[in-house]
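Below, each chain spelled out in residue letters.
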Amino acid sequence: METNPFIPVIVPAIIGGVCWVVSWRLWNRHAPNEKGAWGGAIAFALGFFAAHVLVSGWPPFPGRKAADWLPYLGLVAATLGTSERYWGRMIITRLPVMLIMSAALTGVILRTPLTGQWEGALWYAYLLVPTLIITVVWQALERMARSNPGSSIPLACWAWTACVGVACVFSASAKLGQLGGGLAAICGAAVVLAWWSPHLKLGEGAIAVLVPLVGGLLLQAYFFAEMPLITLLLLAAAPLVLLVGERRSIVYSAKWKAALLRLGLVLLPGLAAIGVAFVSYQRVDTSSKYNYYENYDGESAYTY
Amino acid sequence: MNRKFGIATAVALIFAMPVLAEDYKIDRVHSHALYRTMHLGTSWSYGSIPDMSGTLSFDANDAAKNSVSVTVKPASVMSWVPGRDKHLAGPDFFNSKEFPEITFKSTSWKKVDNDTYEVTGDFTMLGVTKSITAQVEHVGSGTHPQSKKPIIGFHTEFTVDRSEFGMNYGIPEGAGPEAREVHIIFAIEAGQV
């Protein structure tokens, strides 16, 4: 489906904005609903679903390909995000939930190669490594999002998702790029609203949906499109670089300074990832895909 | 005398047996999977998927014995623009890493006239299987000058609606069926196994 390329960006931003305004009751700028964190989970899940419908049409259920499943996985993650205050405050309950969700996401997105192409140690590696990376990124970002209300973390998440979207475009998938753009737009709405009401935060809800969705996009971009491994690793590491911003000197500096520093910390690996993807995309594969002189599964051709 | 009669009878029986369908293997070098799609409602855009393999059984006298199985690997898609090839092979179109093969397996053959058959079969792309019917032309048969084995050639063109296979990318909103249709051409040469 081809719509105006701005529509899959504008619509998720509006959906996300409405969810945040309603859940946090942001019309009361200085005393919003402090229990409104669940709205962020709904914002990302519904916004992403809308972006998917606008880019690729309504996803069939059960999904046939990985891309069909991601919007539904977003809804599953939203149920976790909206109830996070009940399971997410103690590491003993949080860690198993995060691991199960990350493993389920990896298993569903990589379902086709896991069931037909990979075996043995490779099978375990391709299931476990992404599961662990998603869990680590989720845990790190969640921790920072809880302790840093305001526009600083949403701005860093906007930069991260925007870099993911652009890198996907240079990995031969405009569709994944547009979906990354949709996530960036939802983060953008959060930046504006958190600037208006600095109580707003992404912790205890939004991150539980954002990280699995970005993880799902990156898994598709690497395994099914042309995303280089270095780009994948840089984008996966970008939120972890934010941990540098947790130094006391930065946390207690002026908010605009901390926000700019966090933005720079994410953009550094993010832009490097885009650069690597761009250079890789420009490189033309000159090796023949098809050996003219081979025939009958490798035997020499009789004539040509 | 009896021995000679026995041999003659056996030879006569062999020739009197109904002709069996012969098995052939697709010659990749001389076979082509091509497609054409409408671009912006103004022109035909052509492409090729050269990595093609498969088998066929053919009996000119009894179409019911015929069968064909063709597999093409969309990772090899060529549109003569390298950047576009990557895009076509990726998740937006053929999604060739998640679905490495496009297949066609015949389920029935009907003879229409001397050299034309109506072949029905299962066409599978992007994990979706649809039954399609195509007019297949038997282009010719002969003997390969070097292998000295029988060779045979067929040609067909049929149309699929790519949106039915979940390939929706780039279809303009509100566009007519021509924007979704992909015309697929199989030009097959096969040598006897």
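Just above sits the structure.
Residues numbered from 1 in each chain as written. Chains lettered and ligands numbered in written order. Predicted model: local features only at pLDDT ≥ 70, side-chain atom pairs only at ≥ 80, totals over all residues. Heavy atoms only, no water.

Peer 1: Where do I start with the side chain of Arg162 of chain B in this structure?
Peer 2: Residue and element names in this part refer to chain B. Here Arg162 shows up in the loop between strand 9 (150–161) and strand 10 (181–192). Among buried charged residues, Arg162 stands out as having no salt bridge; its nearest opposite-charge side chain is Asp161, 6.9 Å away. In this structure, Arg162 is in contact with Phe93, Met167, Asn168, Tyr169, Gly170, Ile171, Ala179, Arg180 and Val182, ignoring residues within four places of it in sequence. (Helix = DSSP H or I, 4+ residues; strand = E, 2+ residues; numbered from the N terminus. Buried < 20%, exposed > 50% of the residue type's maximum accessible area, 1.4 Å probe, protein only. Lys, Arg positive; Asp, Glu negative; His and termini not counted. Salt bridge = Lys/Arg side-chain N within 4 Å of Asp/Glu carboxyl O. Contact = heavy atoms within 4.5 Å.)

Peer 1: What should I look at first to understand the packing of helix 7 (residues 120–147) of chain A against helix 8 (residues 152–169) of chain A in this one?
Peer 2: Axes are the key here: two packed helices are described by the angle between their axes and the distance separating the axes. Residues and elements named next belong to chain A. Relative to each other, helix 7 and helix 8 sit at 145°, their axes nearing to 10 Å. Crossing angle aside, the handedness with which helix 7 passes helix 8 is left-handed. Residues Val137, Leu141, Met144 and Ala145 of helix 7 lie in contact with helix 8, whose contacting residues are Ile153, Cys157 and Trp160. Residue classes in the contact of helix 7 with helix 8 are distributed as seven nonpolar, no polar and no charged. (Axes fitted to C-alpha atoms, helices over the stretch in contact; angles between N-to-C directions. Left-handed = near helix turned anticlockwise from the far one by under 90°. Nonpolar A, V, L, I, M, F, W, Y, C, P; charged D, E, K, R; others polar.)

Peer 1: Is there a simple way to think about the environment of Lys111 of chain B in this case?
Peer 2: Residue and element names in this part refer to chain B. With respect to the helices and strands, the residue Lys111 is situated in strand 6 (residues 102–113). Take Lys111: its relative accessible area is 42%, and that puts it in the partly exposed class. A C-alpha to C-alpha distance of 9.5 Å links Lys111 and Val136, two positions 25 residues apart in sequence. Not counting chain neighbours up to four residues away, the residues in contact with Lys111 comprise Ala60, Ala63, Thr116 and Tyr117. A polar contact is formed between the side chain of Lys111 and the backbone oxygen of Ala60, at a distance of 3.2 Å. (Polar contact = N/O pair within 3.5 Å; in protein donor to acceptor, adjacent residues only side chain to side chain.)

Peer 1: What is the right way to look at the environment of Leu56 of chain B in this model?
Peer 2: Residue and element names in this part refer to chain B. Relative to the elements of secondary structure, Leu56 occurs in strand 4 (residues 52–58). On the accessibility criterion, Leu56 (3% relative accessible area) is buried. Sequence separation of Leu56 and Ile152 is 96 residues, and the distance between their C-alpha atoms is 9.9 Å. Those residues in contact with Leu56 that lie beyond four places of it in its chain are Glu22, Asp23, Tyr24, Ser67, Val68, Ile152, Phe154, Ile188 and Ala190.

Peer 1: Please clarify how a nonpolar patch on the surface should be interpreted in this entry.
Peer 2: Taken together, the side chains of Met90, Ile91, Ile92, Leu95, Leu99 and Leu132 of chain A present a nonpolar region at the surface, about 570 Å² in accessible area. In this structure, Leu95 of chain A sits in helix 5 (residues 91–109). (Patch = residues over 30% accessible without salt bridge, like charges linked within 9 Å, V, L, I, M, F, W, Y side chains within 5 Å. Areas by Shrake-Rupley, 256 points an atom, 1.4 Å probe, with all protein chains shown as cover.)

Peer 1: Before we go on, may I ask you to explain the nonpolar core in this structure?
Peer 2: The tendency in soluble globular proteins is for nonpolar side chains to be buried side by side. Core analysis: the biggest nonpolar cluster contains 80 residues, and Trp20, Phe44, Trp160, Leu183, Leu202 and Ile207 of chain A have the highest contact counts within it. If you tally residues by element for this core, the top one is helix 10 (residues 207–223) of chain A, at twelve residues. In contact with Phe44 of chain A, other than residues within four places in its own chain, are Trp20, Leu183, Ile186, Cys187, Ala206, Val209, Leu210 and Leu213 of chain A. Core analysis: the next-biggest nonpolar cluster, separate from the first, contains 42 residues, Val70, Val77, Ala134 and Ile188 of chain B among them. (Core = buried A, V, L, I, M, F, W, Y, C linked by side-chain atoms within 4.5 Å.)

Peer 1: How do you make sense of the packing of helix 2 (residues 38–56) of chain A against helix 10 of chain A when you look at a structure like this?
Peer 2: Residue and element names in this part refer to chain A. Relative orientation of the contacting elements helix 2 and helix 10 amounts to 30°, with a least axis distance of 8 Å. When the axes of helix 2 and helix 10 are compared, the pair comes out roughly parallel. Here Ala41, Phe44, Ala45 and Phe48 of helix 2 lie close against helix 10, whose contacting residues are Val209, Leu210, Leu213 and Leu217. For the contact of helix 2 with helix 10, the per-class residue count stands at eight nonpolar, no polar and no charged. (Parallel < 35°, antiparallel > 145°, perpendicular 65-115°, else oblique.)

Peer 1: Would you mind going over helix 1 (residues 7–24) of chain A with me for this structure?
Peer 2: A turn of α-helix holds 3.6 residues, and therefore any two residues three or four places apart point the same way. Residue and element names in this part refer to chain A. Its 18 residues place the ends of helix 1 26 Å apart at the C-alpha level, agreeing with the 26 Å of an ideal helix rising 1.5 Å per residue. Among all positions in helix 1, only Pro8, Pro12, Gly16, Gly17, Cys19, Trp20, Ser23 and Trp24 are buried. The buried residues of helix 1 occupy an angular sector of 165° when projected down its axis, which confines them to one face. Where helix 1 is buried, its residues touch helix 2 and helix 9 (174–196). Positive backbone phi, at 50°, marks Arg25, one or two positions downstream of helix 1. (Expected span 1.5 Å × (residues − 1). Arc of directions from axis to C-beta.)

Peer 1: I'm lost on the pattern of salt bridges in this one. Help?
Peer 2: Two side chains with opposite charge may pair up if their charged atoms get near one another. Under the counting rule described, the total for this entry stands at ten salt bridges over all chains. Here Glu157 of chain B and Arg36 of chain B are joined by a salt bridge, their closest N and O atoms 2.6 Å apart. Of this pair, Glu157 of chain B sits in strand 9 while Arg36 of chain B sits in strand 2 (residues 32–39), and the two are 121 residues apart along the sequence. Residues joined in a network through salt bridges with shared partners are Glu84, Glu142 and Arg146 of chain A.

Peer 1: Before we go on, may I ask you to explain the pairing of strand 2 of chain B in this structure?
Peer 2: Regular strands place their side chains on alternate faces of the sheet. Residues and elements named next belong to chain B. Examined bridge by bridge, strand 2 and strand 10 share six bridges and lie antiparallel to one another. By the bridge assignment for strand 10, Thr37 is matched with Val182. The pairing of strand 2 with strand 3 (residues 43–48) spans six bridges and is antiparallel. Residue pairing in the sheet places Met38 in a bridge with Trp44 of strand 3. Two successive antiparallel strands, strand 2 and strand 3, enclose a turn made up of three residues, where Leu40 displays a positive phi of approximately 55°. (Pairing = 2+ DSSP bridges.)

Peer 1: Looking at this structure, I do not really get the pairing of strand 8 (residues 128–143) of chain B. What am I missing?
Peer 2: Residue and element names in this part refer to chain B. Alignment of strand 7 (residues 116–125) against strand 8, held across ten bridges, turns out to be antiparallel. By the bridge assignment for strand 8, Thr120 is matched with Thr133. Hairpin connection between strand 7 and strand 8: a loop of two residues separates the two successive antiparallel strands, and Leu126 in this loop has a positive phi of roughly 55°. Where strand 8 and strand 9 come together, seven bridges link them in antiparallel fashion. Each residue of the ladder has a partner; that of His138, found in strand 9, is Phe154. Counted along the chain from strand 8 to the antiparallel partner strand 9, the turn is six residues long, and its residue Lys148 has a positive phi close to 65°.

Peer 1: Would you take a moment to explain the packing of aromatic side chains for this structure?
Peer 2: For any pair of aromatic rings, the description consists of the separation of the ring centres together with the inter-plane angle of the planes. What the rule picks out here adds up to 22 aromatic pairs over all chains. With a centroid separation of 5.2 Å and 70° between ring planes, the pair formed by Phe58 of chain B and Phe154 of chain B is classed as edge-to-face. Of this pair, Phe58 of chain B sits in strand 4 while Phe154 of chain B sits in strand 9, and the two are 96 residues apart along the sequence. Grouped by ring-pair contacts, the aromatic residues Phe49, Trp58, Phe61, Trp69 and Tyr72 of chain A constitute a single cluster. The side chain of Arg85 of chain A reaches across the aromatic face of Tyr86 of chain A, ending 5.7 Å from its centre. If you follow Arg36 of chain B out to its NZ or CZ, it ends over the ring of Trp44 of chain B, 4.2 Å from the centre. (Phe/Tyr/Trp six-rings, centres within 6.5 Å; stacked < 30°, edge-to-face > 60°. Lys NZ or Arg CZ within 6 Å of the ring centre and 35° of its normal.)

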